Amino acid sequence: MRFYVTVNLMDKFKRLLKIINYANPGKGLLTAIGLLSVLGATSSLLFPVMTQKLIDLASNSGQLPTEWIGILIAVLLGGSVASGYNFFLVGKVGNRMLVNIRAKILAKAIYLPVPYFDNTPSAEPASRAVNDTEIINGVVSQHFEPFISGLITLVASLVILWILDWQLTAVLFATLMIAFLITVPIAAKLTQLSKSVQKEEANFLSFITERFAQIRLIKAYNAEQETLAKSQQTLTNLYDLGLKEVRIGAIMAPIAGMTIISTLIIILVFGATRVSQGEITIGTLIAFILYLFNIVFPLIQFTYFFAELNKAAGAAERVEELLEETSEQSTNKGELCFKPGDITLQNVHFNFEPKVPLFKRLNMVFPKNKKIALVGASGAGKSTIFNLLLRFYQPGSGNIKIGDHSIFEFSLEDWRKHVALIAQDTPLLSGSIKDNLTLGLRQEISQRDLEKVIDAAELTEFIKTIPNGLEAPVGEKGVKLSGGQKQRIAIARAMLQDSPVLLCDEATSNLDATTEHKLQQAMNNLAVNRTTIVSAHRLSTVIDADLIYVLKGGNVIAEGTHEGLMKNSDYYQELVKHQFSALKTNNENPQQLEALVTP
Ligand SMILES: Nc1ncnc2c1ncn2[C@@H]1O[C@H](COP(=O)(O)OP(=O)(O)OP(=O)(O)O)[C@@H](O)[C@H]1O
Ligand SMILES: [Mg+2]
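Residues numbered from 1 in each chain as written. Chains lettered and ligands numbered in written order. Predicted model: local features only at pLDDT ≥ 70, side-chain atom pairs only at ≥ 80, totals over all residues. Heavy atoms only, no water.

- In the nomenclature of an unreviewed UniProt entry, the protein corresponds to ABC transporter ATP-binding protein from the organism Aliikangiella marina.
- A UniProt comment under Subcellular location (unreviewed entry) is attached to the protein, and it reads "Cell membrane". (UniProt positions renumbered as here; feature names shortened; annotations may be inferred.)

**Notes on the site of ligand 1**
Next, step 1: For ligand 1, the set of nearby residues contains 15 residues, the closest of which are S378, G379, K382, T384 and Q424.
Next, step 2: Separating an oxygen atom of ligand 1 from a side-chain N or O atom of T384 is a distance of 2.4 Å.
Next, step 3: The protein chains hide 64% of the 640 Å² of surface that ligand 1 would expose on its own.
Next, step 4: In terms of residues, the shell around ligand 1 owes the most to one element, helix 10 (residues 382-389), which gives three residues.
Next, step 5: For the shell around ligand 1, a count of residues per class yields five nonpolar, seven polar and three charged. (Near = heavy atom within 4 Å. Polar contact = N/O pair within 3.5 Å; in protein donor to acceptor, adjacent residues only side chain to side chain. Areas by Shrake-Rupley, 256 points an atom, 1.4 Å probe, with all protein chains shown as cover. Helix = DSSP H or I, 4+ residues; strand = E, 2+ residues; numbered from the N terminus. Nonpolar A, V, L, I, M, F, W, Y, C, P; charged D, E, K, R; others polar.)

**What about the side chain of S43?**
Next, step 1: The topology assignment puts S43 in helix 2 (residues 27-61).
Next, step 2: Its relative accessible area of 9% is what places S43 among the buried residues.
Next, step 3: If we ignore the near neighbours within four places in the chain, the residues touching S43 are V75, L76 and G79. (Buried < 20%, exposed > 50% of the residue type's maximum accessible area, 1.4 Å probe, protein only. Contact = heavy atoms within 4.5 Å.)

**Let's talk about the packing of helix 6 (residues 166-213) against helix 8 (residues 224-276)**
Next, step 1: Across the interface, helix 6 lies against helix 8 with an axial gap of 9 Å and an inter-helix angle of 165°. In terms of orientation, helix 6 and helix 8 fall into the roughly antiparallel class. Of the two possible hands of crossing, helix 6 and helix 8 adopt the one that is left-handed.
Next, step 2: Per-class residue counts for the contact of helix 6 with helix 8 are 21 nonpolar, 12 polar and eight charged. (Axes fitted to C-alpha atoms, helices over the stretch in contact; angles between N-to-C directions. Parallel < 35°, antiparallel > 145°, perpendicular 65-115°, else oblique. Left-handed = near helix turned anticlockwise from the far one by under 90°.)

Written out as structure tokens, the structure reads:
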């Protein structure tokens, strides 16, 4: 049991040192901290022995030795200055560490693959980067140095005490051992509790982050009370755990107080007897009692340190777990230069959930510089094909090629640079409209080019009407814009990226028929000289495609042009009939449409 506790403690200590190492504090800074700790400890070690000298000299000669008083003050002052400066240096290491680990966590998290984020609450990386690093910083900045100098003082004090009077020291040791044996099980219980508290707090953070991110949904469905009721359970758990901690603390505090007082009484009684028997001087007894503080205070400090160490080790473990996740970058080869060509899916097998394949042997060709449309019922896998093309997910088997090369031979950055996506849910980030338009753009863009794109995306009028125009902030998730405005910004963003492959996932689904019609021209212009793959439930978007794939049950069940499919595919006809009824509401020319959808 004790062996296990020691190994466990060493593990935690090592984990903490590893994290400190991330701060890269440098040998100079660490040496300075070490030296100042020794200096501080020496000062507190010298103080009692010098007091002993002072008292014995004074009681022998009957007058105060002023030079000794001067030295005593100098030693105390020196020790305080050393401790103060050390506190600053340790805080510096702590803060540097905080910044470095946070930067590392972010740099790691941002390159984690999409499936990681599918399976992890979005508050998780934030909780690692903010809460856990703060816990680690707390123990490093506030408890680490006192622990080291406390350890030096404690060991040295025990040695000095042994030399001063071994019998008195033996009594002291026995008393302390009893106190230690009483507190160990209580401390173990505290450790266990603090783990549960941290877990429960992480759950709480995840829960509220998610609920507030979806505040409109909550309000629209009157789910405020339901949300509060759900969070109440976690809050009650936290309260119960907190109460248990407080109870233990309430037991610990008097035990610690009683230990100090009874140790003091035992030493005083036993020491006074020895003084009266002439075995030790009164100076020695006073020195002994002063050293006692040198032992008791570090011991109290240690209980805090170990409690914090436990928390910090837990935090460090979670940070390490995240840092050890496999980044999507690591599969790169990155030696190849991008060349446009036909894109082919060859026998692609893919499943999100184990044993439930979405695609079994999917074969498709997207000819270079053509417009290809994907149609199929909701859930047929259209967006998933885009996700595979963007390498958000890896096929289980099979290959995706561009020209003669597998797309997996390119570095991720290089590949994605050549593929622009207009996503189904058109998210925007907080920042200005311009920030959103130029997201990820490496090169500066001239005002003229920007205006051209804005015009093509039918955004000019809209931008003119808002104060600050392009510089207007759009808010997280673009909440200050309408669905159609967001889509037009997403289209303009893709236009600016000017990449040879363009993926449009329901890019125009939120636009009214007139705007869509106007934009269609811009989209057609955009499609020139690039491979454009569109997915749409609207007939108007797919009708002029060079090639249409009809997806059903994870397979291509028909392919061809609109006219061809209207003749050959019953399922396509079925789909078109539904699209047609949807389009009637969009005021398009009914006769023209009637002609288009008649086989
Ligand atoms: N991240 C994911 N994890 C697990 N399953 C997923 C994930 N994303 C999609 N799916 C599942 O994969 C299937 C295909 O989804 P996909 O989004 O590709 O459909 P879609 O054809 O784009 O549909 P829609 O027309 O409604 O946009 C669906 O059954 C869906 O539930
Ligand atoms: Mg979709």
